Every structure is written in structure tokens, then in C-alpha cells.
Amino acid sequence: MGITINAEKKIFTLETAHSAYQMQVDDRGFLRHLYYGSRVNGSDMSYMHIDYDRSFSANPNCAYPVRGYSLDVIPQEYTGCGLCDFRISSIGVINPDGSFAAEFHYDSFEVRKGKYTIPGQPAVFENGEEAETLVIMLSDPATGLSLELLYGVFPEKDVITRAARIINRTAGTVMITKAGSMSLDFSYGDFDLLSFHGRHAMERVMERTPIVHNVTSIRSRRGQSSHQHNPFVIICEKGANEDYGNCYGFMLVYSGNFRAETEKDQFDSTRIVMGIEPESFRWKLEQGEAFDTPEVILSFSAHGFTELSHQYHRIIRHNICRSKYNFARRPVLLNSWEGSYFSFDDQSLLKMAAGAKELGVELFVLDDGWFGVRNDDNSGLGDWFVNEAKIRCGLPKLVDDINAMGLKFGIWIEPEMVNEDSDLYRAHPDWALNIPGRGPCRGRNQLVLNMSKPEVRDYVFDSISKVLKSANIEYVKWDVNRNVADVYNEQFPVDRQGEIAHRHILGIYDLLERFTGTFPDILFEGCSGGGGRFDAAMMYYYPQIWCSDDTDAIPRIAIQHGTSFGYPVSTIGAHVSASPNHQTGRITPVNTRAVVAMHGTFGYELDPAKLTEEEKKEIRSQILYFKEHYDVIQNGLYYRLTNIGEQYFEAWEQVSEDRSEALLSVVITVTQPNARLIHIKMKGLDPEVDYRMDVRTDIDEKVFTIPDFPGGSQLKEFLQKEGRVYSGAALMNGGITLPWLMGNYLAMQLSFRKV
Ligand code: GLA
């Protein structure tokens, strides 16, 4: 396992526990991609590739007079551009002479112990000695433009990371117009693409489409990874599903504009290129300068999406999330937003906190509205001092009083934004992104602070740090509530304006690094109008991200289902909110809302004073149940048991790594008459072990009093029968059958414990 080099054949093989990745320098000095898939006993896979004379696929100059050698058909590790590979390129350049061409030939390689890092950017890190780095150096003989391809190999994690460093060793200045982090060619195979699209309050819905003969781009130009698309895609063989088939994941560790492109070419080969979105990107590289791309996490599974997801969940938890809270038990929180929005004062907050404490909540989070003159979303952003008209007792006293109730205290910030109606904007209008001669675009009536300016970052850091130091603040929700437009920085020359969007993101990373480094004891939660910046780069800084502003349990299931393909439960912020739901008006039982929120870092977002005594009782028991099952929920292996919308219910399961415990969640999403019974085959259990099943549900006496409730007596019997024991083999092969439930959006949680 690890990196093997066959010096004679110039073959580089990267092996993980269950995958192999191979490339070779060919006779003309090009770095060919040979293979990525299940392990092949160290075989030389070059035999699979036969060069062939293809009309209308021109030959590179160095191949002359051979006609059977064309970069237009040869699988490559990273392409050049502007010459005779007419498929999508990994890179775009404008050379000192104005030409658009690059052609990379092999120079040398280096194997390094440990995992490479990327200056100023988040990247997968190693724990102990678990990784190796292969660097392959290439250069363009015509210009001297150089390229370092970086490969990080994590054998036990079944992960390979890739990134590229472009170095200007030409005789002049080079403009980089596209900087792919990686590309990969599949010479053979018929594939589908899984991507995760959405919108505000409906993020990361999985979509599966065939890869056909065109170029497909999954991308964001919103200055954020975005609600609309996620920088994670899966390419799988036709027919692959949760449990079967070859599938390949590509996750970009980047929070800004990105693009993942696929192309099926004339001979049915498939190429994927992933990296920074090239539109509006241009980076000027002076002689001797280097540009580092963000990195892509690649993983392969021969056994379908579930295993692939587990591999991503593992690498994110162990090698991306750095917070000390990553593996620690995170507090059950109550967030003030949906319970009070902007209307509160210190007294109402204390009342809300007391109500939260009574329910068993551990952390009270004061959301938007506590600073500047902020009584709605039109003013105040940027003024990071406490609004003493609302918090009359001052923040330290408020926090002390809340702490005295036995609750931790957390606070909301939106450091990257400014309202025009703020002291900050009045003093520094030039700190907001703006293109000279144009009025700015407004989103939620706010502007974006220009994080490519160090003085802006210093102000934000100093002013917010002062607040964080002023009281015992143990949690911060870091929000971003609009997309980035008006990208410009007048401190840079005109030919460097194409760098600003990326420099803005590097500035945000810098700010996050400073905050998380200075306040290591604070639990940071990311947010961007819910899940508009839900990506691996952000998880490097915060271990959890508010997954969506949609708190309606029913659509939330699809959001969390899509999110789970790449990201672990421990990163998914999920809350129980009031009913009727504030986003959709839907009425759901409080039990169902909790079952769905236990698919993430659990909490509440409502006003406890508005709960009935019955609901309070129910919530107290939910919190106890969550705490009791914390380990299996947050640290267990996650299984999707239904494909969204295929049945009248959805189900998922969490299983502890040692398989001693499992939690099965079932929610009825479509109310049907005379429905067939719910039947679910469980996954991931130990077939040799017996499990005792316990049911938690809100189906109570009320349901049984409905006259002639169909199946009522059987249901009652099912729910009341305790101590049922089934073998893991039976639960996985035969499955579990549950009574059909009559009512609106009912849910059940079934816990299985090894006897
Ligand atoms: C965003 C967040 C919400 C809330 C509001 C406050 O929409 O996603 O949870 O914090 O901002 O303005």
C-alpha cells in the first residue's frame, strides 16, 4: 500500500486498502492516466491502452511522424491547453507572447513522508504517520511554465487527495485563466453523475443524470460554494446503487466559485475536471511566482454509495475537522431565531433561556439582532458592539445570568457583511466590494466586505474579538447572508482584478484561522442562510454547519439525505422548530421534528413559552433520548435506507462502529389510505449478534380512540410488546416489518441494542 514506483517503466502506483490509482510517463514524456478502481495486485495497467490513428485528432509536434499518437484520445493526469487535445482542459494560460498554449512534459518526481499542505488554504491533514505525498514535476518545454501535481495518499482511509501548483519559470508574465485542481480520464465505462443541487432552504437535493456526449458543468459563481450546487460530485457506473457498483467521489475543499465539469468524448471516454470556476478568474503570475489550487478529495468504492459516503465521513471527521469539539459531546442548543427573530430584550431572553433550561437544553444561542442598531435586516451589520437599548443589562451580565441557570451561552455573528446603514459603512464605504462607476448590488439589503483587504479583516477580527472576550461566550454561529457580487479591489492593478474573488476567499480563510486559533474553546457553527456554504473547506474551521434554513421536517429529510452523501451527521446542524412551520406552514408532530433533527447536531429553535405542557414533556424526553443515543447518532456509521420519494415513508439508520447499537428512524411522508406495511431491511449490523428492539413513537392513546382505526389493535400490540429480540442476520436479510401508521407525518425511532 502507499506509493510504489516502477522506475524502469516510469509507472507510479498509489494504493489504498481497496483502491489503486496508476499513471505512467510515456515515451514522449506525457503523464498518462492508466487506471483508478479496485486493487489489481500491483499490475501494470498500461496494456489496457492502445494508441490509434484517429482522424481529426491531431498529433502533437513531438510525436511526428507517428500519426497514432494524439492527446485528444490519450488519458491524461492533467492536460495542457490550446493545442491538440480538444476536450475540456485542466488549465488555461496566456503566455508572455500572447499565445494560449501549454503542453506539460514530465521532469521528475519526489516522494515525501506525510501529507503536503497548501499555503493559506484548508486541506486534508494527517493524524500521525498515515499519509505519503507524491509530487510529479512537469513543465512546458516551449515556455518553461511548470506544474507540480500533488498526490496525498491515505491508504487506510481509501482516499487520495490531489492539488496542483503552477509555477512561472517562463521568460515573462503569465496569465492563468483556468486553474483546475485535478482532472481524471476514464477511458472506458458508461457512467452516471450524482450532484447535489438546490436553492435557499432546499439545499443539496441529490440528482442523478447520465453522462452523455456533452460537457456538463456543476458550478457556482456566487462567491460561495452555494445553496444551488455543492462542490461534491460522484461518478458511478450505470446500475450502481447504495450497496453495489463502482463509484468515485470528487470533493473540492473550497468555499468559493467552483466548477466540476464532465465530458463524454467521441470515443465514449469520460473526463472530469474540477477546480476554481474559470469565469471571472484570471491570475497574473510574475516570473518565479506560484499559484496553488485548492485540493480535491478523491475516493473510490466498488460497493456503492453507502461505502463511499462512509469513506468521506471518516476523512472529514478525522482529517478535515480540527475543532476540539469534533469528537466531544456537543451541547443540545436552543437558538433564539425562529422563537423571537429581531424582537427581544434582555428580559425576554432570560425568560426564553429559563424555558430552554426547563426543557433540558444545555446551550442558549442568541441569534441575529443583538448588536449595532439592528431591529430588522436593513441596518447594523458591521457594528460589532452590543445594542444596549435591547440588552440593557449589558452582555456580560446577561451571559452571567444565563450561566447561572446552568446554561452555556452562544452568539450569532455575520463578520463578512456590512449594511450601508451602519457606522462602519459610513466611516469606510470603500471596505465594501464595489466596482467603480457602478452602484453596488444589494442582497438582503447588505453589502459584502472586501476580505481581500487586510485592514478590513483586522477591523472585523478586533471588533468581534472584543465582544467574544467580554463575556463567557462558548459558541459562535458565523453566518453569511448573501452571495458575493461587485468583485473588485482598487488596491490592485486592472490586470489583477481577476484574482480578487479568490483573494476574498483566502481572506476569509485567514480570518477564520485567526478566530479559531485565538478562541480554540469556542464551538463554531458555520451558516450561510442555512446551507449556502456547506463544504469541506469550512469544516476545516467549524465542526458543524447549519444545514438549511428549512426546519420543516418533511423537506428537511431530502436535504439531509442529499447532504449525507458527502458529509457526516456530526457536521449537520439540525433543529426542532415550531409548528405550523415558519417556512412552509406545514403542521407536523413534535416527535417527527425531533426524529428528523436527530439526523444532525441536535437542537431547538422555538419559543419555549409557546409550548403546551404536553409538548414540553415530550421535548424533555426527546432530549434525554438524544443524550442516551448520542454516540450512535453522532459517531455511528450512517445508512440511507430509502431513496427520497420512492415510497410513502423515508428511513435511515445509524449504527455504532462496533455494531453493538443501531438507531432506525422512519417518517411517514405521504399519507395514504390502506397502505401496505412498512418493511425495511436493516444494514450494517453484526449478523451473528442478537439485538433487543425498543420503539419510541408519539403514537399514543389518541390514535387508538379513532373509531375503527385500521390495524389499531395490532399497532397497539406492536408498540406495547417489549423486549423483542432479533438476530442481526434476520434484521438485515429478512428485515423488520412495521405497522402502517394512520395520521399526518408520524414517525418512529427504533433502537437496537446487542443483548
Ligand atoms: C440566516 C440564518 C438564520 C438566522 C438568520 C438571522 O438566514 O440561516 O438561521 O441566523 O440568518 O438573520
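Along each chain, the written sequence defines residue order, and numbers are assigned to residues from 1. Local features in a predicted model are, by the rule used here, given only for residues with pLDDT of at least 70; side-chain atom pairs are given and counted only at 80 or more, and totals for whole chains, interfaces and linings are based on all residues. Hydrogens and water are ignored here; the side-chain numbers use all heavy atoms of the structure.

Some details on the site of the ligand
Step number 1: Being near a molecule or strand, for a residue, means having at least one of its heavy atoms within 4 Å of it. Not every one of the 13 residues close to the ligand is listed here, only the nearest: Asp367, Asp368, Arg444, Lys477 and Asp549.
Step number 2: The separation between an oxygen atom of the ligand and a polar side-chain atom of Asp367 is 2.6 Å.
Step number 3: Polar contacts, as used here, are pairs of N or O atoms within 3.5 Å; protein pairs need one atom able to donate a hydrogen and one able to accept it. Residues neighboring in sequence count only if both atoms are side-chain atoms. Within the backbone of Gly530, an N or O atom sits 2.9 Å from an oxygen atom of the ligand.
Step number 4: Here the nonpolar group is Ala, Val, Leu, Ile, Met, Phe, Trp, Tyr, Cys and Pro; Asp, Glu, Lys and Arg are the charged ones; every other residue, Gly included, is treated as polar. The residue makeup of the shell around the ligand, split by class, is four nonpolar, three polar and six charged.

Remarks on the side chain of Asp85
Step number 1: By definition, any uninterrupted DSSP run of H or I lasting at least four residues is a helix, any uninterrupted run of E lasting at least two residues is a strand, and each is numbered from the N terminus. With respect to the helices and strands, Asp85 occurs in the loop between β4 (31-37) and β5 (91-94).
Step number 2: A distance of 2.9 Å separates polar atoms of two side chains, one belonging to Asp85 and the other to Gln76.
Step number 3: Within the local environment of Asp85, its side chain forms a polar contact with the side chain of Arg271, the two groups lying 3.0 Å apart.
Step number 4: Look past the residues within four positions of Asp85 in its chain and what remains in contact with it is Leu71, Asp72, Gln76, Thr79 and Arg271. Any two residues having at least one pair of non-hydrogen atoms within 4.5 Å are treated as being in contact.

A short note on the domain arrangement of the protein
For interface size, the figure often reported is the accessible area lost on association.
Step number 1: Partitioning the protein into domains gives domain 1 (2-319) and domain 2 (640-754).
Step number 2: Boundary definitions for the domains trace back to an automatic or database domain assignment. Relative placement of domain 1 and domain 2: their C-alpha centres are 43 Å apart.

Section: the pattern of salt bridges
Step number 1: Take a side-chain nitrogen of Lys or Arg and a carboxyl oxygen of Asp or Glu: if they are within 4 Å of each other, that pair is a salt bridge. Following the criterion strictly, the structure yields 56 salt bridges and no others.
Step number 2: Of the charged contacts, one joins Asp292 and Arg165 as a salt bridge, the two residues approaching to 2.7 Å between their closest N and O atoms. With Asp292 in strand β19 (residues 290-292) and Arg165 in strand β9 (residues 159-167), this residue pair connects regions lying 127 residues apart in the sequence.
Step number 3: A 1.4 Å probe rolled over the protein chains alone gives each residue an accessible area, and that area as a share of the maximum for its type sets the label: buried under 20%, exposed over 50%, partly exposed in between. With a relative accessible area of 13%, Asp292 lands in the buried category.
Step number 4: Exposure remark for Arg165: the relative accessible area of 26% places this residue in the partly exposed category.
Step number 5: A salt bridge links Arg496 to Glu499, with the shortest nitrogen-to-oxygen separation between them at 2.6 Å. The same class applies to Arg496 and to Glu499, which are both buried.
Step number 6: Shared partners join several salt bridges into a network, and the residues in it are Lys178, Arg219, Arg221, Arg259, Glu261, Glu277 and Glu279.

What about the nonpolar core?
Step number 1: What is meant by a nonpolar core is a set of buried Ala, Val, Leu, Ile, Met, Phe, Trp, Tyr and Cys residues, joined one to another through side-chain atoms within 4.5 Å. Residues Phe250 and Trp370 are the most contacted members of the largest nonpolar core, which totals 179 residues.
Step number 2: Lining this core are residues from two domains, each supplying at least three of them: domain 1 (2-319) and domain 2 (640-754).
Step number 3: Not counting chain neighbours up to four residues away, the residues in contact with Trp370 comprise Phe344, Trp384, Phe385, Val386, Asn387, Ile391, Ile411, Trp412, Ile413 and Val467.
Step number 4: Judged by nonpolar contacts, the second largest core, of 31 residues, contains Tyr648, Ala662, Ile668 and Ala675.

Thoughts on the packing of aromatic side chains
Step number 1: Note on ring pairs: Phe, Tyr and Trp rings are taken, using the six-membered ring of Trp, and paired if centres are within 6.5 Å. Classes follow the plane angle, with under 30 degrees stacked, over 60 edge-to-face and the rest tilted. Inspection of the entire model under this criterion finds 36 aromatic pairs.
Step number 2: With centroids separated by 5.2 Å and ring planes inclined at 55 degrees, the aromatic side chains of Tyr36 and Tyr248 adopt a geometry described as tilted. One end of the pair, Tyr36, is in strand β4; the other, Tyr248, is in strand β15 (residues 247-253), and 212 residues separate them in sequence. The exposure classification of Tyr36 matches that of Tyr248, with both residues buried.
Step number 3: With centroids separated by 6.3 Å and ring planes inclined at 65 degrees, the aromatic side chains of Phe232 and Tyr567 adopt a geometry described as edge-to-face. Pair noted here: Phe232 is in strand β14 (residues 232-237) and Tyr567 is in the loop between α9 (553-563) and β29 (572-577), with a separation of 335 residues, a long-range link. Considered together, Phe232 and Tyr567 belong to a single accessibility category, that of buried residues.

Observations concerning the pairing of strand β38 (residues 747-754)
Step number 1: Burial of β38 is extensive: six of the eight residues sit out of reach of the surface.
Step number 2: A pair of strands is considered paired only if DSSP assigns at least 2 bridges between the two. Note: strand β33 (residues 661-668) against β38, seven bridges, orientation antiparallel. Across the sheet, Leu664 pairs through a bridge with Leu750, a residue of β38.
Step number 3: In this structure, strand β35 (residues 690-697) lies alongside β38, joined through seven bridges in antiparallel fashion. In the strand pairing of β38, Thr697 is matched with Met748.

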